[in-house]
Amino acid sequence: MTLALATEQGVVTTDPISESPLAIRGMTVSYGEKPAVFSTDMTVAEGAMTAIIGPNGAGKSTLLKAALGVIKPLAGQATVYGASLKAHRNRIAYVPQRASVDWDFPTRVLDVVMMGLYRELGLLRRVRARHTEKALACLDRVGMADFADRQIGQLSGGQQQRVFLARALAQNADLYLLDEPFAGVDAATEKAIISVLKSLKDEGKTVVAVHHDLATVAEYFDNVFLINTRKVAEGSVATTFTSENLSATYGGRLAMAQIDQLDLAAG
Ligand code: ADP
Ligand code: MG
């Protein structure tokens, strides 16, 4: 449902919730007594790249998981393209934080990517040549086509991360949620991943990534969402990635010397 709002100037704007690829309202999540995410709203802009930024334990992963319905919030809700998560689940691809994925049994890289095609494969899971070709094309896009027959567990962390991105690409989603895609990866992987994410954006897709490296925020992202259990601020890098907002997010954990080296918005 799109709610059109007429402004005084007669300009028609649309309701941000129904237009947004991901809108979170009043989200509170708790694992114990203390909430990990408290009463948080987020409105993701379509066709942009948004960084979720905050210190360790700030609730970044929890916010994404609650938005995806992986964990049940105490309060609040998320809508995807204006509808329930259930209605649009196939439009979302999620790449979890790498450490959270364990490969207990040997799995071929190509088969990991093939998992992204499960909807196309249908109940019978009949793999045809076109599926294999598609999975290979996704691997090629992240520079991993030569590794298709290797075991995922034998790859470096950065190589694994690229394979997980290839699996997300195979889903052909509209909204990509990535939890720390650059954490602990080599420079070549970081380059490969950012170039794929930027090409997704060029295709009009929406990218949201938890990001830990403040030095690359301005170069990589359009928008930022700053969180420390509660939302601190959200908006464009130009207006919102300010030293004031970073101090409010990190408190004393970020030295002024570090802030001085960042490509920050004036504000
Ligand atoms: P971030 O991703 O920003 O580092 P998390 O969302 O992982 O933060 O964690 C937020 C808070 O919730 C932290 O205090 C963390 O210890 C706690 N937490 C996260 N996952 C669990 C869990 N499965 N059980 C209990 N506490 C958790
Ligand atoms: Mg996390």
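A. Layout of the sheet that holds strand β11 (residues 230-236). Reading across the sheet, the six strands line up as β7-β8-β9-β5-β10-β11 and stay open at both edges, with mixed pairing between neighbours. If you trace the sheet from one side to the other, it starts and ends with β7 (92-95) and β11, each paired once. Across the sheet, the axes of successive neighbouring strands diverge by a mean angle of 15 degrees, strand direction being ignored. In terms of strand pairing, strand β5 (residues 49-53) meets strand β9 (residues 206-210) through four bridges, oriented parallel. Bridged to Ala51 within β9 is Ala209. Along the sheet face, helix α8 (residues 187-202) touches β5, β8 (175-179) and β9 and points at about 130 degrees away from the line of β5.

B. Representation of the coordination of the magnesium ion (ligand 2). Around the magnesium ion (ligand 2), the protein contributes the donor atoms Ser61 (OG) and Gln97 (OE1), at 2.1 to 2.5 Å from the metal centre. Of this pair, Ser61 sits in helix α2 (residues 60-67) while Gln97 sits in the loop between β7 and α4 (109-114), and the two are 36 residues apart along the sequence.

C. Looking closely at the environment of Lys134. Assignment of secondary structure puts Lys134 in helix α6 (residues 129-141). Sequence separation between Lys134 and Leu117 is 17 residues, and the spatial gap between their C-alpha atoms is 8.8 Å. Not counting the four nearest positions on each side in its chain, Lys134 is found in contact with Leu117, Glu120 and Ala170.

D. Focus on the packing of α6 against helix α7 (residues 157-170). At their nearest, the axes of α6 and α7 sit 8 Å apart, and the two run at 130 degrees to each other. Classified by the angle their axes make, α6 and α7 are oblique. As for how α6 packs across α7, the hand of that crossing is right-handed. Residues Lys134, Cys138, Leu139 and Arg141 of α6 form the contact with α7, whose participating residues are Val163, Ala166, Leu169 and Ala170.

E. Expanded view of the confidence of the model for the protein. The pLDDT averaged across the protein works out to 89; a share of 88% of its residues lies at or above 70. Low confidence marks residues 1-9, where pLDDT is under 50. Its contacts with residues over four positions away, or in another chain, come to 15 contacts.

F. A look at the site of ligand 1. Looking at ligand 1, the residues that line it are Tyr31, Ala36, Pro55, Asn56, Gly57, Ala58, Gly59, Lys60, Ser61 and Thr62. Between a nitrogen atom of ligand 1 and a side-chain N or O atom of Tyr31, the distance comes to 3.5 Å. In the model, an oxygen atom of ligand 1 is placed 3.0 Å from a nitrogen or oxygen of the Gly59 main chain. Protein coverage of the free-state accessible area of ligand 1, which is 560 Å², stands at 54%. For the shell around ligand 1, the leading source of residues is α2, giving three residues. By residue class, the composition of the shell around ligand 1 is four nonpolar, five polar and one charged.

G. Representation of the packing of α7 against α8 in the model. Orientation of α7 relative to α8, taken along the N-to-C sense of each, is 15 degrees, at an axis distance of 9 Å. In terms of their interaxial angle, α7 and α8 are classed as roughly parallel. Where α7 crosses over α8, the two elements pack in a sense that is left-handed. Of α8, the residues touching α7 (which contributes Gly158, Gln159, Gln161, Arg162, Leu165 and Leu169) are Ala188, Thr189, Ala192, Ile193, Val196, Leu197 and Leu200. Its residues assigned to classes, the contact of α7 with α8 comprises eight nonpolar, four polar and one charged.

Each value, and the rule that gives it
- Residues numbered from 1 in each chain as written.
- Chains lettered and ligands numbered in written order.
- Predicted model: local features only at pLDDT ≥ 70, side-chain atom pairs only at ≥ 80, totals over all residues.
- Heavy atoms only, no water.
- Pairing = 2+ DSSP bridges.
- Helix = DSSP H or I, 4+ residues; strand = E, 2+ residues; numbered from the N terminus.
- Axes fitted to C-alpha atoms, helices over the stretch in contact; angles between N-to-C directions.
- Contact = heavy atoms within 4.5 Å.
- Donors = N, O, S within 2.8 Å, 3.2 Å for Na, K, Ca; no water.
- Parallel < 35°, antiparallel > 145°, perpendicular 65-115°, else oblique.
- Left-handed = near helix turned anticlockwise from the far one by under 90°.
- pLDDT = per-residue confidence, 0-100.
- Near = heavy atom within 4 Å.
- Polar contact = N/O pair within 3.5 Å; in protein donor to acceptor, adjacent residues only side chain to side chain.
- Areas by Shrake-Rupley, 256 points an atom, 1.4 Å probe, with all protein chains shown as cover.
- Nonpolar A, V, L, I, M, F, W, Y, C, P; charged D, E, K, R; others polar.

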